[in-house]
Amino acid sequence: MTVIVCPKCSRRHRVDTSKITQNRRQLVRCKVCDHRFPIHVAQKMAAEPAQPEAIEKRRNARKIAVSLSKGGVGKTTTSVNLSAGLALAGYKVLLVDTDTQGQSSFMLGKKPQAGLTELLTGELTAEEAIVSARTNLSILGGGRSLAGVKRIIDKKSFGSEWTLTEAMEGLDNKFDFIIIDTSPGWDQLTVNVLFYATEVLTPVALEVMSLHGLAEFTKNLHAIQKYKPINLNYVLPTFLDTRIDQPQNINRKLKSLYGDKVCQPIRYDEQLTRAPAHGKTIFEFVPDGNGAADYEALVRTIVKDNTIFGAMPTKGGTVIPSL
Ligand SMILES: Nc1ncnc2c1ncn2[C@@H]1O[C@H](COP(=O)(O)OP(=O)(O)O)[C@@H](O)[C@H]1O
Ligand SMILES: [Mg+2]
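The shown structure was predicted, so the numbers you read here are calculated from the model rather than taken from an experiment.

## Here we look at the overall build of the protein
From N to C terminus, the protein includes 15 helices and eleven strands. With 323 residues in all, the protein has 37% of them scored as buried. Put simply, 75% of the contacts in the protein that link residues at least 6 apart link residues at least 24 apart.

## Re the confidence of the model for the protein
Averaged over every residue, the pLDDT of the protein is 85; residues scoring 70 or more account for 85%. Taken together, the stretch residues 42–55 has pLDDT below 50 and engages in eleven contacts with residues farther than four places along the chain or on a different chain. pLDDT under 50 marks residues 314–318. Its contacts with residues more than four places away, or in other chains, come to ten contacts.

## Notes on the environment of Ile4
Structurally, the position occupied by Ile4 is in strand S1 (residues 2–5). For Ile4, a count of 18 C-beta atoms within 10 Å puts it in the partly exposed group. Spatially, the C-alpha atom of Ile4 lies 9.4 Å from that of Cys30, the residues being 26 residues apart in sequence.

## Some points on the site of ligand 1
Looking at ligand 1, there are 15 residues lining it, with Gly74, Lys75, Thr76, Thr77 and Thr273 nearest. Residue contributions to the shell around ligand 1 peak at three residues, all from helix H3 (residues 75–88). Considered class by class, the residues forming the shell around ligand 1 number six nonpolar, seven polar and two charged.

## Some details on the nonpolar core
Across soluble globular proteins, you tend to see nonpolar side chains buried next to one another. Counting 71 residues, the largest nonpolar core has Val93, Phe177, Ile179, Ala197 and Val204 as its most contacted members. With near-sequence residues (within four places) excluded, Ile179 lies in contact with Ile64, Val66, Ser79, Leu82, Ser83, Val93 and Leu95.

## Describing the environment of Ala292
Following the sequence through the fold, Ala292 ends up in helix H14 (residues 290–304). Sequence separation between Ala292 and Leu272 is 20 residues; the distance between their C-alpha atoms is 8.7 Å.

Criteria and cut-off values
Here the residue numbers are simple positions, counted from 1 along each chain's written sequence. Chains and ligands are labelled by the order in which they are written, letters from A for the one and numbers from 1 for the other. Note on the predicted model: pLDDT of at least 70 is required for a residue's local features to be given, and 80 or more for side-chain atom pairs to be given and counted; whole-chain, interface and lining totals, by contrast, use all residues. By definition, any uninterrupted DSSP run of H or I lasting at least four residues is a helix, any uninterrupted run of E lasting at least two residues is a strand, and each is numbered from the N terminus. Counting other C-beta atoms within 10 Å of each residue's C-beta, where C-beta atoms are placed from the backbone, gives the exposure class: buried for 20 or more, exposed for 12 or fewer, partly exposed between. Each residue gets a C-beta atom placed from its backbone, and two residues are in contact if those atoms lie within 7 Å. Confidence of the predictor at the level of single residues is captured by pLDDT, which takes values from 0 to 100. Defining nearness, a residue is near a molecule or strand when the C-beta atom obtained from its backbone falls within 6 Å of it. All amino acids are sorted into three groups, where Ala, Val, Leu, Ile, Met, Phe, Trp, Tyr, Cys and Pro are nonpolar, Asp, Glu, Lys and Arg are charged, and the leftover types, Gly among them, are polar. Each nonpolar core comprises buried Ala, Val, Leu, Ile, Met, Phe, Trp, Tyr and Cys residues, the members being joined through C-beta atoms within 7 Å.

See below:
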């Protein structure tokens, strides 16, 4: 339906657009004052505002923090390869690097000149601070210095936990997934990330000490859950060495504690260590190796949950097409 206004009596008429002949001038008659006047199909189009939803599907990003206080467990490796895998599957992904050394960006062969710091200081808008890394994959790098970010957060007299959330406002409907890589430890920036994200994925290196680290981390997470909803949805065992028993025993222990939150493990794979030096994801570096297969399985697990957590597929893709 469209609306045509009579130029004589100004009455508005709702008209069925299918009855208007395309690309032709047409004479119509006002039912109220009987005035006859010409319309052109261009007029019809102008009268019908485009529905933004029809042009671009509205997105509602799932915001997943890849987090655990312990370092060296595979957080950055997971953030990068998970983001790359989701992007290959056709989802629009933003990878946010909140680690101090810009490792995620480095792994993708990028060195963004600006990023989170400039976004938080207000020097740049989100659109200006975000850089494209691959098809469907963008990065928001750490920027000049994440130490500066921590100072900005500390300076706030109240509501400092929401600093990142405020800065990221408006990005939810531009991406299907926002994956946030975090630094080890527990500081104001980690708290900000967990106030922003709604889900947590925790990589756990299959060694005894990691179980303690996980218990400690979940305790801290419970403290945040008092203020806002955030769920530990995925526990990802990493560095699985199938040749020895101990990691498999720890994996069983993890399953007994965390049930079906425990994902299929990422095996120990040398190539995952080598790929970053080439600025490549594992899907680009050794697409037919164990690392790529294991991270593809993780992508499938996370995408499968879209019906529960509500992200929209960009192209209806659910699997990595190249694999
Ligand atoms: N599954 C794996 N197999 C072998 N090496 C891995 C694996 N996952 C990560 N690594 C390597 O282990 C080191 C630490 O991983 P990283 O992702 O940087 O951990 P974090 O971000 O938690 O500190 C890196 O050198 C990385 O290349
Ligand atoms: Mg890291």
